[in-house]
Structure formats: C-alpha cells, structure tokens
Amino acid sequence: MGLQQFEQRLERLVEGALSKALRGGLQPVEIGRRLAREMDLLRRVGMRGLIAPNSFVVSLSAPDAARFESFADALARELADIARDHARDEGYVFVGPVDVEIHRDPSLREGRFVIVAEVAEGPEGLPAGSLVLPDGSRVVLGTEPVVIGRLPECTVVLSDPNVSRRHAEVRRQGNEVVVADLRSTNGTRVNGIPVHEKALADGDEISVGTTALRFETS
C-alpha cells in the first residue's frame, strides 16, 4: 500500500536528529492519509476513467511548518509519491503532473492543517506522463520527444558506457506514449524484452545499457 511505503520512507528520511524534532505533535503520515482521502472525496468520472486531483497545497501552522522546515522539499516529494501510489492502487488517472506545495498559515493552531486539492491539466492539456530516472528525479513529458543518450544535448544524459550517444527517445504518439530505439549499439528493452518501438503502460521499465528508467502516467 502507498501509505505503508510512505511511512517506511519517512522513517529513513527523519532518522537521527530529525526524529527528535518529530516526537509528538503533527506527524507527516497524518498529512499523507488526509491527502489520499481528499483524492477519494474529489475524484470524478472522466473520459478515461476516474480522474483524481493532482495539485495539492498543504497549509501548516507556524510551529509545525518550523518543525518540518529542514526537510520540507523531501516531504513534498514523498507526498507526491503518496498521490501517485494511491492513484495506482485505486485505478485513478491524472490529467496533469502531480504537484505538492507546503505553505505556512499563521492562522492555524499547532497540529491543525488544511489541504486544498484540485484537478489541474498539464501543459497544453496533455495527459500526465513522466520518466523516473535512477536518482528518483522526474522528467515530465511534454510535446517534444525526450532523447536518452550520452551526448550533452540529450534530454536525459547518462554516463553509462553501454549507452549510445543517442540511444532512445520517448515521445507522444496520439493518445499513447511510445519508446523508440535510435539504432543503438546495445538495444532498448521494455520490461526486459528488446523493442524497436513500443507503446508504454504505467510502471513499464525502460532499460538502456545497464540503466533502468520507469515510465509513469503521472
């Protein structure tokens, strides 16, 4: 479950000195649970299935914001992953990239927080889609192809010696996202199977050389 994974990642995130700062008071996992509940409450039926909110503003009291300040960016990323995991578990779809912002609201009492969740379309109204890189960062797919390779001008630059200079590209094709091999030396694989060109599904693993990237519809 997404929330269980969130709790495990959070334990690693706040271990050591940060764990003392989080003893008692508002716990980040409470925010994760509320975020998932807001997705359930605000989901709606769309052309492609159940559409869930993908844009979240989390407002914290001044004391809680101060406690979370040292790892607020990491917490926002973890909360975004909660939204993605919950959508995958429940079969929800997004119409744009997942975005989480954490704000300070002096009018809130300590321990209280507010989440405003909205459905926000992606650039030019394109369906959500992104590549998750080995370091956990994301490349959001727009209208232009994402080229993967060793050349500095590639969108995703990899130092893997088994990757060609221009190895593969991920692009939108109608309502689908496809990966295409660019005549690379060692080929491109999707979920371990060599491909020349293939439409991608949520969670597919793209292997170029010895490097793996993941496609997600979020």
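Everything below is about the structure shown above.
Residues numbered from 1 in each chain as written. Predicted model: local features only at pLDDT ≥ 70, side-chain atom pairs only at ≥ 80, totals over all residues. Heavy atoms only, no water.

**Focus on the pattern of salt bridges**
One side chain can pair with another of opposite charge once the charged atoms of both are near each other. What counts here: We define a salt bridge as a side-chain nitrogen of Lys or Arg found within 4 Å of a carboxyl oxygen belonging to Asp or Glu. Elements are defined by DSSP. Helices are runs of H or I of four residues or more, strands are runs of E of two residues or more, and each kind is numbered from the N terminus. Working definition: with a 1.4 Å probe on protein chains only, accessible area under 20% of the residue-type maximum means buried, over 50% means exposed, and in between means partly exposed.
Counted according to the given criterion, the structure contains 10 salt bridges. Here Arg138 makes a salt bridge to Asp81, at a shortest N to O gap of 3.7 Å. Taken together, the positions of Arg138 in strand S8 (residues 138–140) and Asp81 in helix H5 (residues 72–90) put the pair 57 residues apart, joining distant regions of the chain. Here Arg138 falls in the partly exposed class, since its relative accessible area comes to 26%. When its relative accessible area of 23% is taken as the criterion, Asp81 is described as partly exposed.

**Digging into the nonpolar core**
Counted only if it meets this: Nonpolar cores are built from buried Ala, Val, Leu, Ile, Met, Phe, Trp, Tyr and Cys residues. Side-chain atoms within 4.5 Å join them into one set. By definition in these notes, contact holds between two residues if any of their heavy atoms fall within 4.5 Å.
Membership of the largest hydrophobic core comes to 26 residues, with the highest contact counts inside it found for Ile31, Leu35, Met39, Phe56, Leu60 and Phe94. Those elements giving two or more residues to this core turn out to be helix H3 (28–42), strand S3 (55–60), helix H4 (62–68), H5 and strand S6 (113–118). The element best represented in this core is H5, accounting for 7 residues. For Leu35, the contacting residues outside a window of four places in its chain are Phe56, Leu79, Ile82, Ala83 and Ile115. Judged by nonpolar contacts, the second largest core, of 20 residues, contains Ile148, Leu158, Ala168 and Val190.

**Side note on the sheet that holds S8**
Basically, it comes down to this: Between any two strands, at least two bridges found by DSSP are needed for them to pair. To get an axis, fit a line to the C-alpha atoms, keeping to the stretch in contact for a helix; angles then go from 0 to 180 degrees between the N-to-C directions.
Taken in spatial order, the 6 strands make up an open sheet running S8-S7-S17-S16-S13-S14, and their pairing is antiparallel. Unpaired on one side and paired on the other, S8 and strand S14 (193–195) mark the two borders of the sheet. Averaged over all adjacent pairs, the angle separating strand axes in this sheet is 30°, with direction ignored.

**Looking at the layout of surface pockets**
Inclusion rule: A pocket, in this scheme, is an open set of points on a 1 Å grid over the protein atoms alone with protein on both sides within 12 Å along at least 5 of 7 lines, while a cavity is a set where a 1.4 Å probe fits but cannot get out; residues line either one if an atom lies within 4 Å of a point. Grid points are joined across faces, edges and corners, and a volume is the space filled by probe spheres set on the points. Following the grouping adopted for this structure description, the nonpolar residues are Ala, Val, Leu, Ile, Met, Phe, Trp, Tyr, Cys and Pro, the charged ones are Asp, Glu, Lys and Arg, and the polar ones are all others, Gly among them.
In this model, the largest pocket occupies a volume close to 510 Å³. Around the largest pocket, the lining comprises 26 residues; the ones closest to its centre are Arg77, Asp81, Arg84, Gly136 and Arg138. Mapped by element, the contributors of at least two residues to the lining of the largest pocket are helix H1 (2–13), H5, strand S5 (99–104) and strand S17 (211–216). Counted by class, the lining of the largest pocket contains 11 nonpolar, 2 polar and 13 charged residues. The volume enclosed by the second largest pocket comes to roughly 370 Å³.

**Some words on the pairing of strand S16 (residues 205–208)**
Bridging between strand S13 (residues 188–190) and S16 involves 3 bridges; their strand directions are antiparallel. By the bridge assignment, Arg189 is partnered in S16 with Ser207. Sheet topology places S16 next to S17; 4 bridges connect them, and they run antiparallel. Within S17, the position partnered with Glu205 by the bridge is Arg214. As consecutive antiparallel partners, S16 and S17 are separated by 2 residues, and within that stretch Gly209 has a phi angle of approximately 60°, a positive value.

**Observations concerning unusual backbone geometry**
For Arg183, which is not glycine, the phi torsion reads 55° and is therefore positive. Along the polypeptide, Arg183 turns up in the loop between strand S12 (176–181) and S13. Notably, Asn191 is not glycine yet its phi reads approximately 55°, a positive angle. Take Asn191: it is sitting in the loop between S13 and S14. Taking the relative accessible area as the measure of exposure, Asn191 reaches 46% and is therefore partly exposed.

**Considerations on H3**
Here is the rule we go by: Here, expected helix span is obtained from the residue count minus one, scaled by 1.5 Å.
Under the 1.5 Å per step criterion, the end-to-end length of H3 is 21 Å for 15 residues, consistent within 8% with the ideal 21 Å. Within H3, burial applies to Pro28, Val29, Ile31, Gly32, Leu35, Ala36, Glu38 and Met39.

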